[in-house]
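The residues making up each chain are set out below.
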Amino acid sequence: MTLFGRTLGGEEIASLVFLLAALVLWIAVYRGERGWARWFKRWEGDRKARREAELAMDKGDGPPPRDAPRGPWG
């Protein structure tokens, strides 16, 4: 096999295959971690909204207005 004008032997080809496999594995793990972080932020925001609604109902104020700040960013 020739790559960029250089003939590659079996050892170099195996190294390239393992390097590409490591890259694919790293990307898959990164995507999974990013998805988990998104899920957790969404879950935390929903939990906070439910808690605020419960506290508002306990006080007797009724549900909070729609334009009230809520969620993890205020």
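What you see is a predicted model, and the numbers here were worked out from it, not measured in a lab.

The secondary structure content of the chain amounts to one helix and two strands. Helices and strands appear in the chain in the N-to-C order β-β-α. Buried positions account for 7% of the 74 residues belonging to the chain. A total of about 6,900 Å² of accessible surface is found on the chain, and carbon and sulfur atoms cover 62% of it.

Nonpolar side chains collect at one region of the surface, where Leu-20, Leu-23, Trp-26, Ile-27 and Tyr-30 lie side by side and expose about 560 Å² of accessible area between them. Of note, Tyr-30 is situated in helix α1 (residues 10-59). On the basis of relative accessible area, Tyr-30 is assigned to the partly exposed category, the value being 45%.

Let us look at the pattern of salt bridges. Under the counting rule described, the total for this entry stands at three salt bridges. Glu-54 is the salt-bridge partner of Arg-51, the closest N and O atoms lying 4.0 Å from each other. Linking Arg-51 with Glu-54, this pair stays in helix α1, spanning three residues, or about one helical turn. Since its relative accessible area comes to 45%, Arg-51 is described here as partly exposed.

All told, the structure shown has four aromatic pairs when counted by the stated rule. Relative to Phe-40, the ring of Trp-36 lies with its centre 5.5 Å away and its plane at 10°, an arrangement referred to as stacked. Taken together, the residues Trp-36 and Phe-40, both in helix α1 and four residues apart, mark about one turn of the helix. Its relative accessible area of 49% is what places Trp-36 among the partly exposed residues. The exposure class of Phe-40 is partly exposed, given its relative accessible area of 33%. Considering the side-chain rings of Phe-40 and Trp-43, the 5.7 Å spacing of their centres and the 35° angle between planes classify their relative orientation as tilted. Of the two residues, Phe-40 and Trp-43 both sit in helix α1, three residues apart, roughly one turn of that helix. Three or more aromatic residues joined by ring pairs form one cluster here, namely Trp-36, Trp-39, Phe-40 and Trp-43.

What counts, and at which threshold
- Throughout, a residue's number is its position along its own chain's written sequence, starting from 1.
- Local features in a predicted model are, by the rule used here, given only for residues with pLDDT of at least 70; side-chain atom pairs are given and counted only at 80 or more, and totals for whole chains, interfaces and linings are based on all residues.
- Values shown for side chains rest on all heavy atoms present in the structure; no hydrogens or waters enter the calculation.
- Strands are runs of DSSP state E lasting at least 2 residues, helices are runs of H or I lasting at least 4, and numbering of each runs from the N terminus.
- The buried label goes to any residue with under 20% of its type's maximum accessible area, the exposed label to any with over 50%, and the partly exposed label to all in between, with areas taken from a 1.4 Å probe on protein chains only.
- Values of accessible area rely on a 1.4 Å probe in the Shrake-Rupley scheme; residue burial ignores everything except the protein chains shown.
- Nonpolar side chains (Val, Leu, Ile, Met, Phe, Trp, Tyr) are joined into patches within 5 Å and like charges within 9 Å, using only residues with over 30% relative accessible area and no salt bridge.
- What makes a salt bridge here is a side-chain nitrogen of Lys or Arg within 4 Å of a carboxyl oxygen of Asp or Glu, nothing more.
- A pair of aromatic rings is counted whenever rings of Phe, Tyr or Trp (Trp by its six-membered ring) have centres within 6.5 Å, and the orientation is called stacked for planes under 30 degrees apart, edge-to-face for over 60 and tilted otherwise.

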